[in-house]
Amino acid sequence: MTKKYFGIEIPFIEKMGFEAEKISEDLVEVTINIEPWQTNSFGVSHGGVMMTLLDFTMAMAAKVKMNHDGAAMTIDMSTSFMKAAKGKVKAHGTVLKSGKAIQFCEATAYDESGDILAKSMGTFRLIEAKPL
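It should be emphasised that the depicted structure is a prediction, and the values quoted were computed from it without experimental measurement.

Draft legend 1. Local environment of the packing of aromatic side chains. The full count for this structure, using the stated rule, is 1 aromatic pair. For the cation-ring pair, Lys15 lies above Trp37, with the distance from its terminal atom to the ring centre recorded as 4.9 Å.

Draft legend 2. Region of the structure containing the confidence of the model for the protein. Across the protein, the average pLDDT comes to 92, with 92% of residues at or above 70. Taking the mean pLDDT of every element in the protein, the minimum, 66, falls on strand 1 (residues 4-5) and the maximum, 98, on strand 7 (residues 102-110).

Draft legend 3. Focus on the layout of surface pockets. In this structure, the largest pocket encloses a volume near 190 Å³. Broken down by secondary-structure element, the contributors of at least two residues to the lining of the largest pocket are helix 1 (11-16), helix 2 (47-65) and strand 5 (71-81). Here the lining of the largest pocket takes 5 residues from helix 2, the largest share from any one element. Residues belonging to the lining of the largest pocket are distributed by class as follows: 10 nonpolar, 2 polar and 1 charged.

Draft legend 4. Examining the nonpolar core more closely. Core analysis: the biggest nonpolar cluster contains 32 residues, and Phe18, Ile32, Met50, Leu53, Phe56 and Val89 have the highest contact counts within it. Those elements that provide at least two residues to this core are helix 1, strand 4 (28-33), helix 2, strand 6 (88-98), strand 7 and strand 8 (116-127). Tallying contributions element by element places helix 2 first for this core, with 11 residues. Other than its neighbours up to four places away in sequence, Val89 contacts Val30, Thr31, Ile32, Ile34, Met50, Leu53, Ala109, Tyr110 and Leu117.

Draft legend 5. Representation of the sheet that holds strand 6. Reading across from one edge, 3-4-6-7-8-5 is the order of the 6 strands in this open sheet, with antiparallel pairing throughout. This sheet does not close on itself; its edge strands, each paired only once, are strand 3 (19-23) and strand 5. The sheet shows a mean angle of 25 degrees between the axes of neighbouring strands, direction not considered. Pairing geometry for strand 6 and strand 7, over 8 bridges, is antiparallel. Residue pairing across strands places Lys90 opposite Tyr110, the latter belonging to strand 7.

Draft legend 6. Spatial organisation of helix 2. With 19 residues, helix 2 should reach 27 Å at 1.5 Å per residue; the first-to-last C-alpha distance of 27 Å fits that figure. For helix 2, the tally of buried residues reaches 14 of 19 residues, placing the bulk of the element in the interior. Looking one or two places after helix 2, you find Asn67, whose phi comes out positive at around 50 degrees.

Draft legend 7. Representation of the pattern of salt bridges in the model. One pass over the full model with this rule turns up 5 salt bridges. Here Lys83 and Asp115 are joined by a salt bridge, their closest N and O atoms 2.8 Å apart. Taken together, the positions of Lys83 in the loop between strand 5 and strand 6 and Asp115 in the loop between strand 7 and strand 8 put the pair 32 residues apart, joining distant regions of the chain. On the basis of relative accessible area, Lys83 is assigned to the partly exposed category, the value being 38%. Assessed through its relative accessible area of 36%, Asp115 is described here as partly exposed. A cluster of three or more residues bridged by salt bridges with shared partners is formed by Glu25, Asp26 and Lys65.

Calculation rules
Residue numbers run consecutively from 1 along every chain, following the written order of its sequence. The predicted nature of this model means local features are confined to residues of pLDDT at least 70 and side-chain atom pairs, given and counted, to a pLDDT of 80 or more, with totals for whole chains, interfaces and linings taken over all residues. The side-chain figures draw on all heavy atoms in the structure; neither hydrogens nor water molecules are used. Pairing of aromatic rings covers Phe, Tyr and Trp, the last counted by its six-membered ring, and requires centre-to-centre distances within 6.5 Å; plane angles under 30 degrees mean stacked, over 60 mean edge-to-face, and any other angle means tilted. We call a charge positioned over a ring when the NZ of a Lys or the CZ of an Arg lies within 6 Å of the ring centre and within 35 degrees of the ring normal. The quantity known as pLDDT measures the predictor's confidence residue by residue, on a range of 0 to 100. Starting at the N terminus, helices and strands are each numbered in turn, a helix being any DSSP run of H or I of at least four residues and a strand any DSSP run of E of at least two. Both cavities and pockets are sets of points on a 1 Å grid over the protein atoms alone; in a cavity a 1.4 Å probe fits but cannot get out, in a pocket the set is open with protein on both sides within 12 Å along at least five of seven lines, and lining residues sit with an atom within 4 Å of a point. Grid points are joined across faces, edges and corners, and a volume is the space filled by probe spheres set on the points. Each residue is assigned to one of three groups, with Ala, Val, Leu, Ile, Met, Phe, Trp, Tyr, Cys and Pro labelled nonpolar, Asp, Glu, Lys and Arg labelled charged, and all others, Gly among them, labelled polar. We define the nonpolar core as a collection of buried residues of types Ala, Val, Leu, Ile, Met, Phe, Trp, Tyr and Cys that are connected through side-chain atoms lying within 4.5 Å of one another. Burial here depends on accessible area, computed with a 1.4 Å probe over protein chains only, as a share of the maximum for the residue type. Under 20% is buried, over 50% is exposed, and the range in between is partly exposed. Residue contacts are counted whenever heavy atoms from the two residues lie within 4.5 Å of one another. If DSSP finds at least two bridges between two strands, the strands pair. Orientation is described by axes fitted as lines to C-alpha atoms, over the contacting stretch for helices, and by angles from 0 to 180 degrees between their N-to-C directions. Working rule for helices: expected span equals 1.5 Å times residues minus one. We define a salt bridge as a contact between a side-chain nitrogen of Lys or Arg and a carboxyl oxygen of Asp or Glu at a distance within 4 Å.

Here's what the structure looks like:
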């Protein structure tokens, strides 16, 4: 059985191993335990894993803020990396500004000691989730 995330099935996110730890109108918290297959040649999280975590966290923050049961499509995303990620990573996502369909969000990823690993800002469009 496929896991649902905020009301929709996302096989890629399920494979990544993300877990929604907190869901509120003001904050979404998602965690991941970095697995060996998610690392780069330096043995730390691949940047794409971190960007996916931050993207997912912001998109879910947009959905929760607007009580939207469809999908959130990324329009634009900017990410800055500050420290390599290993082990358990936690991301916090919030909505900075809401429109009827467009949401401006931010997310920050932290390691277990609370150090910032990466920060993103993103713009998302809320759409109806329709199977292809």
